[in-house]
Amino acid sequence: MSHHAATVPGSTWVARWAGVLLCLAVAAIHVVDQGGITATRDPHYIGVAYHVLEIAAVVAAVSLIVGLVRLGWLLAAMVAVGPLLGYVLSRGPGLPDYSDDVGNWTEPLGLVSLAVEGALLLLSIPLFMRSLRRRT
């Protein structure tokens, strides 16, 4: 067995699968919020952002599954930060041509989304940093 075929510790697999599930949960929440996979939110740039987020979440999950952990954790962190920032901006000052959610801080799906994204962020940042310290 070469040094490249070393086994991955069980805790790493658990963390990676947790990351996979959290990424897929972020994607699923946003598909539900936009009204389905083929639906698009208005204004157009919000709809595009939802689709980009969903694709990035799936790519992050696949990256973690296939062992591209550095890329996977980086994408996972971005999948967490993007909607967290969008939530704050859309409920706080509002976004251009989108003021429907201003002040709507307690929307149930939004709160679930915050919890999932927060957990993903807390998981992905330290593991991404750890992946930078490892020589691969």
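Think of each chain on its own: its residues are numbered from 1, step by step along the sequence as written. Local features in a predicted model are, by the rule used here, given only for residues with pLDDT of at least 70; side-chain atom pairs are given and counted only at 80 or more, and totals for whole chains, interfaces and linings are based on all residues. Side-chain measures here rest on the full set of heavy atoms in the structure, leaving out hydrogens and waters.

Participant: Looking at this model, I keep getting lost on the confidence of the model for the protein chain. Mind explaining?
Facilitator: Interpretation of this model should avoid reading the predicted coordinates in detail wherever pLDDT is low. Values of pLDDT, ranging from 0 to 100, describe the predictor's confidence in every residue of the model. Residues at a pLDDT of 70 or more form 90% of the protein chain, whose mean pLDDT is 91. Contacts between residues were defined by any pair of non-hydrogen atoms, one from each residue, lying within 4.5 Å. Throughout residues 1–7 the model reports pLDDT below 50, and contacts reaching past four residues in sequence, or to other chains, amount to 0 contacts.

Participant: I'm lost on unusual backbone geometry in this one. Help?
Facilitator: Both trends apply: most residues other than glycine have a negative phi, and most peptide bonds are in trans. Each neighbour pair has its own omega, and for Asp-42 with Pro-43 the value is -5°, a cis peptide bond. Inspection of the secondary structure assignment puts Pro-43 in the loop between helix H1 (10–34) and helix H2 (44–66). Phi angles above zero are rare outside glycine, and Asp-97 is one such case at about 60°. Working definition: helices are DSSP H or I runs of at least four residues, strands are E runs of at least two. Numbering for both runs from the N terminus. The topology assignment puts Asp-97 in the loop between helix H3 (69–91) and helix H4 (108–133).

Participant: Even after reading the chapter, I still don't get the packing of aromatic side chains, so can you show me in this structure?
Facilitator: The geometry of an aromatic ring pair is captured by two quantities: the separation of the ring centres and the angle between the planes. Each Phe, Tyr or Trp ring, with Trp reduced to its six-membered ring, pairs with another whose centre is within 6.5 Å; inter-plane angles below 30 degrees give stacked pairs, above 60 give edge-to-face pairs, and intermediate values give tilted ones. One pass over the full model with this rule turns up 1 aromatic pair. When the centroid spacing of 5.9 Å and the interplanar angle of 70° are considered together, the rings of Tyr-87 and Trp-105 count as edge-to-face. In this pair, Tyr-87 sits in helix H3 while Trp-105 sits in the loop between H3 and H4, placing the two residues 18 residues apart along the sequence. When its relative accessible area of 40% is taken as the criterion, Trp-105 is described as partly exposed. Comment: the charge-over-ring label is applied if NZ (Lys) or CZ (Arg) is within 6 Å of the ring centre and within 35 degrees of the ring normal. Across the ring face of Trp-13, the terminal group of Arg-16 is positioned such that the distance to the ring centre comes to 4.0 Å. Burial classification: accessible surface area is computed with a 1.4 Å probe over protein chains only, and a residue below 20% of its type maximum counts as buried, one above 50% as exposed, and the rest as partly exposed.

Participant: I tried to follow the nonpolar core on my own but got confused; where do I start?
Facilitator: Nonpolar core, defined: a set of buried Ala, Val, Leu, Ile, Met, Phe, Trp, Tyr and Cys residues in which side-chain atoms within 4.5 Å join the residues together. By size, the foremost hydrophobic cluster in this structure holds 21 residues, and its most contacted members are Cys-23, Val-26, Trp-73, Val-79 and Leu-120. Every element with two or more residues in this core is listed here: H1, H2, H3 and H4. Per-element tally for this core: the top contributor is H1, with 7 residues. With near-sequence residues (within four places) excluded, Val-79 lies in contact with Val-26, Leu-53, Ala-56, Ala-57 and Leu-120.

Participant: When you look at a nonpolar patch on the surface in this model, what are you seeing that I'm missing?
Facilitator: Only residues whose relative accessible area exceeds 30% and that form no salt bridge enter a patch; like-charged residues are grouped when within 9 Å of one another, and nonpolar side chains (Val, Leu, Ile, Met, Phe, Trp, Tyr) when within 5 Å. All accessible areas in this document rest on Shrake-Rupley with a 1.4 Å probe, and a residue is counted as covered only by the protein chains that are shown. Definition used for salt bridges: Asp or Glu carboxyl oxygen within 4 Å of a side-chain nitrogen of Lys or Arg. Together, Trp-13, Trp-17, Leu-24, Val-58, Val-62, Ile-65, Val-66, Leu-68 and Leu-71 make up an exposed nonpolar region whose accessible area comes to about 780 Å². Of all the secondary structure elements, the ones that give two or more residues to the nonpolar patch are H1 and H2. No other element matches H2, which puts 4 residues into the nonpolar patch. As for its position among the elements, Trp-17 is in helix H1.

Participant: Any chance you could explain the packing of H2 against H3 here in plain terms?
Facilitator: Each packed pair of helices is defined by two parameters, the angle between the axes and the distance between the axes. Where H2 contacts H3, the two axes come as close as 8 Å, and the packing angle between them is 150°. Accordingly, the angle class assigned to the pair H2 and H3 is roughly antiparallel. Regarding H2 and H3, the two cross each other, and that crossing is left-handed. From H2, Leu-53, Ala-56, Ala-57, Val-59, Ala-60, Ser-63 and Leu-64 reach across to H3, where they touch Val-69, Leu-71, Gly-72, Trp-73, Leu-75, Ala-76, Val-79 and Pro-83. Any residue outside Ala, Val, Leu, Ile, Met, Phe, Trp, Tyr, Cys, Pro, Asp, Glu, Lys and Arg is labelled polar, Gly included; the first ten of those are nonpolar and the last four are charged. Taken together, the residues that form the contact of H2 with H3 break down as 13 nonpolar, 2 polar and no charged. Axes, fitted as lines to C-alpha atoms, cover a helix only where it is in contact. Angles between the N-to-C directions of the axes lie from 0 to 180 degrees. Angles are sorted into four bins: roughly parallel if under 35 degrees, roughly antiparallel if over 145, roughly perpendicular if 65 to 115, and oblique for all others. Two helices crossing with the near one rotated counterclockwise from the far one by less than a right angle form a left-handed crossing, whereas a clockwise rotation gives a right-handed crossing.

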